[in-house]
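Notes for the structure review
One-letter residues, chain by chain:
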Amino acid sequence: MSDQPHILVVDDDRRIRDLTARFLSEQGFNVVTANDAADARDKMKSLAFDLLVLDIMMPGENGLELTTSLRAVSNRIGTSLSVRSETEDRIAGLETGADDYLTKPFSFAELLARVEALLRRADGSAAEPQVTRLTVGDLEIDLLARSVARQGRALPIGGREFNLLEFLARHAGQVVTRTMMLEKIWNYHFDPGSNVVDVHIGRLRRKLEEGFDAPILHTVRGAGYRLSLDA
């Protein structure tokens, strides 16, 4: 049996279910699908899943009810919910014991980031040494001193820009979406229609790249941003 995580994708919309499953399979995960809560329970009788990706709005037992009943049995199942955009749904999803949520429509880049984060969280249940320094290429970030240097040159980065850079560095090489940054850095659980992320990214990019030959903060059109020396 493969050592790759097993993921159960539950959605009554066949198109979304198949596209999600195909994408996660292409990322190397072992993926099984179910079209409703009852089908999901049958699949869980024969396989142990590391992660469930559930839709809330399903006929019969919905995603919230399924999550509640699963949590009553085990706290070891990481559950990512894809939900409608109403804030009430998101709060309800988290209160049932879900570890995270996504808002439909979601990008596959964000789905992958959330899935990987949940799986890392599950694997990291044992105590790990605290990370105090992050390195991305020739960029060094001291988390304790809250200082940044590139090629040994100190860069004047502080406040929200430092928090934003730390978040990007912890996901170095991965696409980080605007939604993820809004939620983590500004604690917005919805898109307020402002350009706050783009403004801070622009300022941060100038500080990171002016006077250096290679770009390090890349825009991934239609998806988000990536911190990496690779183009």
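Note that the structure is predicted; figures quoted are calculated from it, not measured.

This part covers the packing of helix α7 (residues 178-185) against helix α8 (residues 196-209). Two elements in contact, α7 and α8, have axes separated by 10 Å at closest approach and are oriented at 90°. Considering their axes alone, α7 and α8 lie roughly perpendicular with respect to each other. Note on element contacts: α8 touches α7 through V196, V197, D198 and I201, opposite R178, M181 and L182. The residue inventory of the contact of α7 with α8, partitioned by class, reads five nonpolar, no polar and two charged.

On to the pairing of strand β2 (residues 30-34). With five bridges connecting them, strand β1 (residues 6-10) and β2 associate as parallel partners. Along β2, the bridge assignment pairs V10 with A34. In this fold, the crossover linking β1 to β2 by way of helix α1 (residues 14-26) has right-handed handedness.

Bringing α8 into the picture now. Counted at 1.5 Å a residue, the expected span for α8 with its 14 residues is 20 Å, and the 20 Å between its end C-alpha atoms agrees. Every buried residue belonging to α8 is among V196, V197, H200, I201, G202, L204, L208 and E209, and all of these are buried. With its phi angle positive at about 90°, G211 sits one or two positions after the end of α8.

The next subject is unusual backbone geometry. A positive phi angle is found at R146, which is not glycine, with a value near 50°. Mapping R146 onto the fold places it in the loop between β7 (139-142) and β8 (147-150). A relative accessible area of 38% places R146 in the partly exposed class. At Q151, a position not held by glycine, the phi torsion is positive, near 50°. Along the chain, the position of Q151 falls in the loop between β8 and β9 (153-155).

A word on the pattern of salt bridges. Taken as a whole, this structure holds ten salt bridges when the rule is applied. Taking the shortest distance from any N to any O, the salt bridge between K45 and D42 comes out at 3.6 Å. Taken together, the positions of K45 and D42, both in helix α2 (residues 37-46) and three residues apart, correspond to about one turn of that helix. For K45, a relative accessible area of 68% corresponds to the exposed category. Here R133 makes a salt bridge to E140, at a shortest N to O gap of 3.8 Å. Residues joined in a network through salt bridges with shared partners are R133, E140 and D142.

What follows deals with the confidence of the model for the chain. Residue-level pLDDT values for the chain average 79, and 77% of them are 70 or greater. In the predicted structure, residues 85-96 sits below a pLDDT of 50 and forms 20 contacts with residues beyond four places in sequence or in another chain.

Moving on, we get to the nonpolar core. Membership of the largest hydrophobic core comes to 31 residues, with the highest contact counts inside it found for L139, I141, L165, L168, M181, L208 and L227. Taken together, the elements giving at least two residues each to this core come down to β6 (133-136), β7, α6 (159-170), α7, α8 and β11 (224-227). Looking at which element gives the most residues to this core, the answer is α6, with six residues. Setting aside residues up to four positions removed in sequence, L208 forms contacts with L139, R150, L155, I157, L165, I216, L217 and L227. With 14 residues, the next largest nonpolar core counts L24, F106, L118 and L119 among its residues.

The rules behind these values
- Residues numbered from 1 in each chain as written.
- Predicted model: local features only at pLDDT ≥ 70, side-chain atom pairs only at ≥ 80, totals over all residues.
- Heavy atoms only, no water.
- Axes fitted to C-alpha atoms, helices over the stretch in contact; angles between N-to-C directions.
- Helix = DSSP H or I, 4+ residues; strand = E, 2+ residues; numbered from the N terminus.
- Parallel < 35°, antiparallel > 145°, perpendicular 65-115°, else oblique.
- Contact = heavy atoms within 4.5 Å.
- Nonpolar A, V, L, I, M, F, W, Y, C, P; charged D, E, K, R; others polar.
- Pairing = 2+ DSSP bridges.
- Right-handed = clockwise from strand over helix to strand, strands pointing away.
- Expected span 1.5 Å × (residues − 1).
- Buried < 20%, exposed > 50% of the residue type's maximum accessible area, 1.4 Å probe, protein only.
- Salt bridge = Lys/Arg side-chain N within 4 Å of Asp/Glu carboxyl O.
- pLDDT = per-residue confidence, 0-100.
- Core = buried A, V, L, I, M, F, W, Y, C linked by side-chain atoms within 4.5 Å.

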